[in-house]
Protein chains: 2
Amino acid sequence: MTERNIRLLLEYDGSTFHGWQRQPNLRTVQGALEAALKVVLRVDDVYVKGSGRTDAGVHAWAQVANVRTDSTTPLERIRRGVNALAGEGVRVVTAEEAPEDFDALGSACGKVYGYRILNRPSPSPLLEGRAWWLRFPMDLDVLKTELATLPATADWSAYRASDCGSPDPVKTLRRAELREERDGCHTLVFEGSGFLKQMVRILVGTAIEVGRGRFAPGSMVEIRNGLDRTAAGQTAPAHGLYMERVLY
Amino acid sequence: MTERNIRLLLEYDGSTFHGWQRQPNLRTVQGALEAALKVVLRVDDVYVKGSGRTDAGVHAWAQVANVRTDSTTPLERIRRGVNALAGEGVRVVTAEEAPEDFDALGSACGKVYGYRILNRPSPSPLLEGRAWWLRFPMDLDVLKTELATLPATADWSAYRASDCGSPDPVKTLRRAELREERDGCHTLVFEGSGFLKQMVRILVGTAIEVGRGRFAPGSMVEIRNGLDRTAAGQTAPAHGLYMERVLY
């Protein structure tokens, strides 16, 4: 029997999960998908490998995962079956046969994250839990200019969580820009070869300080060069962060 | 004492209300705002006049209303006070002093509505309740071309609810177009001098039939000319509709 390798494109609302990674007694994206797949594929065990683990509360428009199985269940039945059984908050957008050597994590050559902020005095009922509300005035031109200084291949240790276990803090950030969504609502877009734990959220928390004038323009590269996490800003909350795309 | 005229810019999540208009024993946008304003302005009664009544379930990024009052409560306190007291789902984005003759309904010279559709086989966890999910294939180019035939000053009786009480079914539709939001997610944008009851939702329900090939291209103008509501498509569900802007 030939083993199949199935590639899944996934969307999820991070607020309904304790992050990506399977955990005993907690509802996670990986756990919900694996539980549904066991039923759909009629197997005792299955492993869903994601392109990366998203933290609790982080959303995904387009996470990618792969699943290896001997099951002959047709793709369309896998997609529908998982969507019927995985419970609220996560859906398989597409399911495709992938080449044997496709690995959602190992084959990825980059990722795009979007971080949505709402910058105005009043909160937004329609973006509740979907954007970080910043009620103080910010200079968005300054923020935009600061983001443009960031792309580089560099050691990003100043922008990673203290418990980040990555062996290599050198990553290439290819793009960092501001995209306007609507009045007061903007997305900070980051594209890179890979990201350290909480890197995007710490970049956002620091960029905000520049935008509001508490850190001087140019601070972000200086902080990066200093390699000191305590010099950077706060970790922006998870609910503004979206995995937008995985590049292969 | 001079009467003030206060202009409010409002955002709301339609799913938490039984529409705009005040109703006994039901939570409505107007009702929630008036209840909060009575406390904030310290008055026995107050009337919030909207640019138009949205149906139950319809959202607003930017509804406009005005309130006449003798109260001297500062604008900033009105904005914050209403936001603290109106309950979830509605917020005052801005509160401004308006000229005496400003009337949210009467002064409006046009409106922009957006109707969001999700066109793909799987539903979207992140757009749940925020877009109309259409799982069948559609030709978006055909849909776009059909929308472009619509702008006109015409009798729109074929596209109004049977219980629409408007004395004049002649309205000018200035713009009808498709805006891509992301993969599979599109907004049908309509700008006009005014809209009949459920007009946008019936236009959308009919445009969808053209997009999926059940109505021939050109049908929408033909149906309009026929003045017969029963020839048009279904009324699209409320949860995809957003009041995007009121023009003055």
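That block above? That's the structure.
These numbers come from a predicted model, not from an experiment.

*Asks:* Quick question: what am I supposed to make of helix α4 (residues 199-211) of chain B here?
*Replies:* Every α-helix carries 3.6 residues per turn, so stepping three or four residues along brings you back to the same face. Residue and element names in this part refer to chain B. With 13 residues, α4 extends 18 Å from end C-alpha to end C-alpha; this agrees with the ideal 18 Å at 1.5 Å per step. Taking burial as the measure, the 13 residues of α4 include 13 buried ones, the bulk of the element. Following α4 by one or two positions, Gly213 has its phi on the positive side, about 90 degrees.

*Asks:* Sorry if this is basic, but what is going on with the packing of aromatic side chains here?
*Replies:* Within a pair of aromatic rings, the relevant descriptors are the distance that separates the centres and the angle that separates the planes. Summed over the entire model, instances satisfying the criterion amount to 14 aromatic pairs over all chains. Measuring from centroid to centroid gives 6.2 Å for B:Tyr12 and B:Trp20, while their planes differ by 35 degrees, and the two rings are tilted. With a relative accessible area of 1%, B:Tyr12 lands in the buried category. With 5.3 Å between their ring centres and 90 degrees between their planes, B:Tyr113 and B:Phe195 make a pair best called edge-to-face. Placement of the pair is B:Tyr113 in strand β5 (residues 110-119) and B:Phe195 in the loop between β9 (185-192) and α4, with a sequence separation of 82 residues. Just as B:Tyr113 is buried, B:Phe195 falls in that class too. Taken together, the ring pairs connect A:Tyr12, A:Phe17 and A:Trp20 into an aromatic cluster. Positioned over the ring face of B:Trp61 is A:Arg182, at 3.7 Å from the centre of the ring. When the ring centre of A:Trp156 is taken as reference, the NZ or CZ atom of A:Arg224 above it lies at 4.7 Å.

Conventions and cut-offs
Residues numbered from 1 in each chain as written. Chains lettered and ligands numbered in written order. Predicted model: local features only at pLDDT ≥ 70, side-chain atom pairs only at ≥ 80, totals over all residues. Heavy atoms only, no water. Helix = DSSP H or I, 4+ residues; strand = E, 2+ residues; numbered from the N terminus. Expected span 1.5 Å × (residues − 1). Buried < 20%, exposed > 50% of the residue type's maximum accessible area, 1.4 Å probe, protein only. Phe/Tyr/Trp six-rings, centres within 6.5 Å; stacked < 30°, edge-to-face > 60°. Lys NZ or Arg CZ within 6 Å of the ring centre and 35° of its normal.

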